[in-house]
Amino acid sequence: MRAIVKSAIAIPEMQFAFECICVDDSKSQGREVTPQDYSDEELVSEAEYRLSTYFEEGHVNNDEMRLGDDPESNKIAQKDIKMLKAFIKKYKTTDSMWSKYTNHLI
């Protein structure tokens, strides 16, 4: 398994993403898709998108990060943000469609 895939699946928010996108992805063409089927750029782009949701007004991730109704949810959100930033910083080599939303966050 590629190192970037191992790093991605170690992030809870990315695990959730894979549960969603591996099922609905057009790559599937009738077969099971795994995180290993995605290019490094696609994995980084997904991580950037996931990071952006924590700063998107009205998104559940933003609510978990900001509102603090549940300290445990807030703690988990902060940990996911930290892990996503580290992942992007380590593996990003080119700008993606999400870069304009996340470059200032990293």
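The residue count restarts for each chain, going from 1 along the sequence in the order it is written. Reporting of local features is limited, given that this is a predicted model, to residues whose pLDDT is at least 70; pairs of side-chain atoms are given and counted only at 80 or more, and all residues count toward the totals for whole chains, interfaces and linings. As a convention, hydrogens and water are excluded, and side-chain values are obtained from all of the structure's heavy atoms.

Considerations on the overall build of the chain
So, step 1. Counting its secondary structure elements, the chain contains six helices and zero strands.
So, step 2. Across the chain, helices and strands are ordered from the amino to the carboxyl terminus as α-α-α-α-α-α.
So, step 3. Throughout, a residue-residue contact means that at least one pair of heavy atoms, one from each residue, lies within 4.5 Å. Contacts spanning at least 24 positions in sequence make up 61% of the contacts within the chain whose residues lie at least 6 apart.
So, step 4. Computed by Shrake-Rupley with a 1.4 Å probe, the accessible areas treat only the displayed protein chains as cover when residues are assessed. Put simply, the chain shows about 6,500 Å² of open surface, and 52% of that area lies on carbon and sulfur atoms. Put simply, DSSP marks the helices as runs of H or I at least four residues long and the strands as runs of E at least two long, and each gets a number from the N terminus on.

Some words on the confidence of the model for the chain
So, step 1. pLDDT is a residue-level measure of predictor confidence that goes from 0 to 100. On average, residues of the chain score 81 in pLDDT, and 76% of them reach the 70 mark or higher.
So, step 2. Within the chain, the lowest mean pLDDT, 60, falls on helix α6 (residues 99–102), and the highest, 95, falls on helix α1 (residues 3–9).

Re the nonpolar core
So, step 1. Residues enter a nonpolar core if they are buried and are Ala, Val, Leu, Ile, Met, Phe, Trp, Tyr or Cys, with the set joined through side-chain atoms within 4.5 Å. Here's how the labels work: a residue is buried when its accessible area is under 20% of the maximum for its type, exposed when over 50%, partly exposed in between, all with a 1.4 Å probe on protein chains only. Within the largest apolar cluster, 20 residues are counted, with the highest numbers of intra-cluster contacts made by Ile4, Met14, Leu43, Ala47, Tyr54, Leu84 and Phe87.
So, step 2. Among the secondary structure elements, those contributing two or more residues to this core are α1, α2 (12–24), α3 (40–53) and α5 (71–91).
So, step 3. For this core, the element with the highest residue contribution is α5, accounting for six residues.
So, step 4. If near-sequence neighbours (up to four positions away) are discounted, Ile4 is found in contact with Asp40, Leu43, Val44, Phe87 and Tyr91.

Structural notes on the pattern of salt bridges
Two side chains with opposite charge may pair up if their charged atoms get near one another.
So, step 1. For this document, the term salt bridge refers to a Lys or Arg side-chain nitrogen within 4 Å of an Asp or Glu carboxyl oxygen. Per the stated rule, a full pass over the model turns up four salt bridges.
So, step 2. Here Glu48 makes a salt bridge to Lys92, at a shortest N to O gap of 2.8 Å. Linking Glu48 in helix α3 with Lys92 in the loop between α5 and α6, this pair joins segments that are 44 residues apart in sequence.
So, step 3. Here the salt bridges do not stand alone but share partners, grouping Glu13, Glu46 and Arg50 into one network.

Details of α5
So, step 1. In a regular helix each residue adds 1.5 Å, so 21 residues correspond to 30 Å; α5 covers 30 Å between its end C-alpha atoms and thus fits that length.
So, step 2. Taken as a whole, α5 has its buried residues at Ala77, Asp80, Ile81, Leu84, Phe87, Ile88 and Tyr91. End-on, the buried residues of α5 take up no more than an arc of 135°, which puts them together on one face. Opposite its buried face, α5 presents the exposed residues Pro71, Lys75, Lys79, Lys82, Lys89 and Lys90, each directed more than 90 degrees away. Here a helix's expected span is defined as the number of its residues, less one, multiplied by 1.5 Å. Note that the arc is computed from the directions linking the helix axis to the C-beta atoms.

Section: α3
Residues spaced three or four apart along an α-helix point in a common direction, a consequence of the helix completing one turn every 3.6 residues.
So, step 1. In this model, α3 (14 residues) spans 20 Å end to end at C-alpha, consistent with the 20 Å of a helix rising 1.5 Å per residue.
So, step 2. Of all 14 residues making up α3, 10 are buried, and the element is well covered by its neighbours.

Digging into the packing of aromatic side chains
How two aromatic rings sit relative to each other is given by the distance of their centres and the angle of their planes.
So, step 1. Working definition: a ring pair exists when centres of Phe, Tyr or Trp rings (six-membered ring for Trp) sit within 6.5 Å. Plane angles under 30 degrees give stacked, over 60 give edge-to-face, the rest tilted. This model, assessed by the stated rule, comprises one aromatic pair.
So, step 2. The interplanar angle of 50° and the centroid separation of 5.1 Å between the aromatic rings of Phe87 and Tyr91 together place this pair among those described as tilted. Of this pair, Phe87 and Tyr91 both sit in helix α5, four residues apart, which is roughly one turn of that helix. As far as burial versus exposure is concerned, Phe87 and Tyr91 are alike and both buried.

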